[in-house]
Structure formats: structure tokens, C-alpha cells
Amino acid sequence: MSYPQEKPEVAVKRLEHGRGLDLPVYMTELAAGMDLAAALKDTLVLQPGQIALIPTGLALAIPPGYEGQVRPRSGLAVKHGITVINAPGTIDADYRGEVMVGLINLGAEPVNLKRGDRVAQLIIAPVCQAVLTEVDELPDTDRGAGGFGHTGGH
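Residues numbered from 1 in each chain as written. Predicted model: local features only at pLDDT ≥ 70, side-chain atom pairs only at ≥ 80, totals over all residues. Heavy atoms only, no water.

Going by an unreviewed UniProt entry, the protein chain carries the name Deoxyuridine 5'-triphosphate nucleotidohydrolase and comes from Dethiosulfatarculus sandiegensis. Looking at the Function (unreviewed entry) heading of the UniProt record, one finds this comment for the protein chain: "This enzyme is involved in nucleotide metabolism: it produces dUMP, the immediate precursor of thymidine nucleotides and it decreases the intracellular concentration of dUTP so that uracil cannot be incorporated into DNA." On record in UniProt, under Sequence similarities (unreviewed entry), the comment for the protein chain is "Belongs to the dUTPase family." (UniProt positions renumbered as here; feature names shortened; annotations may be inferred.)

Put into C-alpha cells, the structure is as follows:
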């Protein structure tokens, strides 16, 4: 089985410090994301509570109508408390700079990150731009203005 929609083509430029690292790939046929590897020169020790911007050594040309989403890897999050600080990070279709991953260590122990470690996932997803129309009143709904936790439970 495979996804029915057409796959957008994303041009990838490998930057000098990204040479020697594998390009992101889908690890299974139905995977939603591709792993992004750290293009670090030296091992980085991410201390508890510390935020670091991790280079990937890659720049992308995402086609119009799509975005790149940078999301945490579940294994790093569950095992070590490492997550993407602005999850999901957005790579706009008109951005041509290096893809960087903002990581934070929410765990209790320092974590060593080294060159080639898979630090985040890249998702290429369709987007649409909305047209905002200012109004004096919004249409009513059953929910109304009920927000955080309004349905009860935890």
C-alpha cells in the first residue's frame, strides 16, 4: 500500500558541513516523516533545561502550497526527554536557509548528541492560506467560547 496523492518534489542542497551525512529518507513505506540528522562538528552535551540549535547541513526548496514541519522523534522524547522546543517548527516554502532544529532537554540527565544522530523528523505537508474577514459578531455554535478543559475530564 502507498499514499494515493502525488508526491511533491523537494530540492535539497547539502551544505559543506552536511557532507558525508545521509539525506533524510522515509524508513518505512507508510512513514509520515523523514529523520533529520545532526550536522555537528563535535559532540554536544545537552544539559537538563538547555536549549540548543542543531544544524542539519541541509537547505530545502519546498514547493508552493507545502510546508516542512520539524517534529520531535518519539524515541528521544520518551527515553531522554529531548524534544523540539517550537514543535512543530515550520519551514516555509520561500525559506532557503539551513534547516536548524531547536532542541530542549526536558529530562533529568545530560544527553550527548553527536554528528549523524537523528534528532528530529521532517514532514512535508500541504498548506492553505486563509483570508481573514473582520466582523462585529461571530456565528453561534453549541460550544461557544468554551475553551481549555471545557468538556470536563483530564
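Now that the structure is up, let's keep going.
With that out of the way, let us pick up the layout of surface pockets. Empty space within the largest pocket amounts to approximately 640 Å³. What lines the largest pocket is a set of 24 residues, among which K7, P8, Y26, M34 and I124 lie closest to the centre. Those elements that provide at least two residues to the lining of the largest pocket are β4 (51-61) and β10 (118-126). With 4 residues, the single largest contributor to the lining of the largest pocket is β10. Across the lining of the largest pocket, the residue classes tally to 17 nonpolar, 3 polar and 4 charged. Roughly 170 Å³ of internal volume is contained in the second largest pocket. Lining the second largest pocket are 14 residues, with V70, N86, G89, T90 and M100 positioned closest to its centre. Every element with two or more residues in the lining of the second largest pocket is listed here: β7 (89-91) and β8 (98-105). When residues in the lining of the second largest pocket are grouped by element, the largest group, 5 residues, is from β8. Classifying every residue of the lining of the second largest pocket gives 8 nonpolar, 4 polar and 2 charged. (1 Å grid on protein atoms, 1.4 Å probe; cavity = no way out; pocket = protein on both sides within 12 Å on 5 of 7 lines; lining within 4 Å. Points joined across faces, edges and corners; volume = space filled by probe spheres on them. Helix = DSSP H or I, 4+ residues; strand = E, 2+ residues; numbered from the N terminus. Nonpolar A, V, L, I, M, F, W, Y, C, P; charged D, E, K, R; others polar.)

Counted by the stated rule, this structure contains 1 cavity of 30 Å³ or more. Lining the largest cavity, in full, are R14, G18, L21, D22, P24, L36, A37, T56 and L58. Classifying every residue of the lining of the largest cavity gives 5 nonpolar, 2 polar and 2 charged.

For the rest of this paragraph, the subject is the sheet that holds β10. Taken in spatial order, the 4 strands line up as β2-β10-β5-β7 in an open sheet, and their pairing is antiparallel. Sheet topology places β2 (34-37) and β7 at the edges, where each strand pairs with a single neighbour. Geometrically, the sheet is characterised by an average inter-axis angle of 35° between neighbouring strands, direction not taken into account. With 6 bridges connecting them, strand β5 (residues 66-71) and β10 associate as antiparallel partners. Its bridge partner lying in β10, G68 is registered against I124. (Pairing = 2+ DSSP bridges. Axes fitted to C-alpha atoms, helices over the stretch in contact; angles between N-to-C directions.)

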